[in-house]
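Inside the fold
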Amino acid sequence: QVQLVESGGGLVQPGGSLRLSCAASGFTFRSYVMDWHRQAPGKQRELVAFITSGGITNYGDSVKGRFTISRDNGKNMVYLQMNAMKPEDTAVYYCSARTFGRPTADYWGQGTQVTVSS
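The notes below deal with the structure included here.

What counts, and where the lines are drawn
Residues numbered from 1 in each chain as written. Predicted model: local features only at pLDDT ≥ 70, side-chain atom pairs only at ≥ 80, totals over all residues. Heavy atoms only, no water. Phe/Tyr/Trp six-rings, centres within 6.5 Å; stacked < 30°, edge-to-face > 60°. Buried < 20%, exposed > 50% of the residue type's maximum accessible area, 1.4 Å probe, protein only. Helix = DSSP H or I, 4+ residues; strand = E, 2+ residues; numbered from the N terminus. Lys NZ or Arg CZ within 6 Å of the ring centre and 35° of its normal. Core = buried A, V, L, I, M, F, W, Y, C linked by side-chain atoms within 4.5 Å. Pairing = 2+ DSSP bridges.

**A closer look at the packing of aromatic side chains**
- Applying the stated criterion across every chain yields a total of 5 aromatic pairs.
- For the ring pair Phe27 and Tyr32, a centre distance of 5.0 Å and an interplane angle of 80 degrees mean the geometry is edge-to-face. Each member of the pair, Phe27 together with Tyr32, is buried.
- Pairing Phe27 with Tyr107 gives two aromatic rings, centres 5.0 Å apart and planes at 40 degrees, and the pair type is tilted. Of the two residues, Phe27 sits in the loop between β3 (18-25) and β4 (32-39) while Tyr107 sits in strand β10 (residues 107-108), which places them 80 residues apart along the sequence.
- Connected via pairs of aromatic rings, a cluster forms that spans Phe27, Phe29, Tyr32 and Tyr107.
- Sitting over the face of the ring of Tyr79, Arg19 holds its NZ or CZ atom 4.0 Å from the ring centroid.
- For the cation-ring pair, Arg98 lies above Phe50, with the distance from its terminal atom to the ring centre recorded as 5.1 Å.

**Digging into the nonpolar core**
- Judged by nonpolar contacts, the single largest core of 29 residues is most densely connected at Trp36, Val78, Leu80, Met82 and Tyr93.
- At the level of secondary structure, the elements contributing two or more residues to this core comprise β3, β4, β5 (46-51), β7 (67-72), β8 (77-82), β9 (91-99) and β11 (112-116).

**So, the pairing of β11**
- Of the two faces of β11, the one holding Thr112, Val114 and Val116 is buried and the one holding Gln113 and Thr115 is not buried anywhere.
- Both strand β2 (residues 10-12) and β11 contribute to a ladder of 3 bridges, which runs parallel. Along β11, the bridge assignment pairs Val12 with Val116.
- Relative to β11, β9 runs antiparallel, the two being bridged by 3 bridges. In the sheet register, Val92 faces β11, and the bridge partner there is Gln113.

Spelled out as structure tokens, the structure:
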């Protein structure tokens, strides 16, 4: 059974930091591209960052220089370190797994809420 379970969300003040984690199981984690997405109320879901099996990363323009995606293939984990957070980062954050070269995810997590507010 495939599972992606996000954790680490919560309330943080502007300028603060959070680290999201995503635990994967039930598929060959090391072979998949791992993505972090987010969806704010009333907005479309957006791709925040991705990391390939070999560790190549890419970020959305709104988070470049502030967020860092990483993975541990030995532990089947993917992380999103979020620094210098802004109120506009408030959203539900989802991790997903997709086959390299495909634009859409094969598997999704259930999401974790991140709220940036003073």
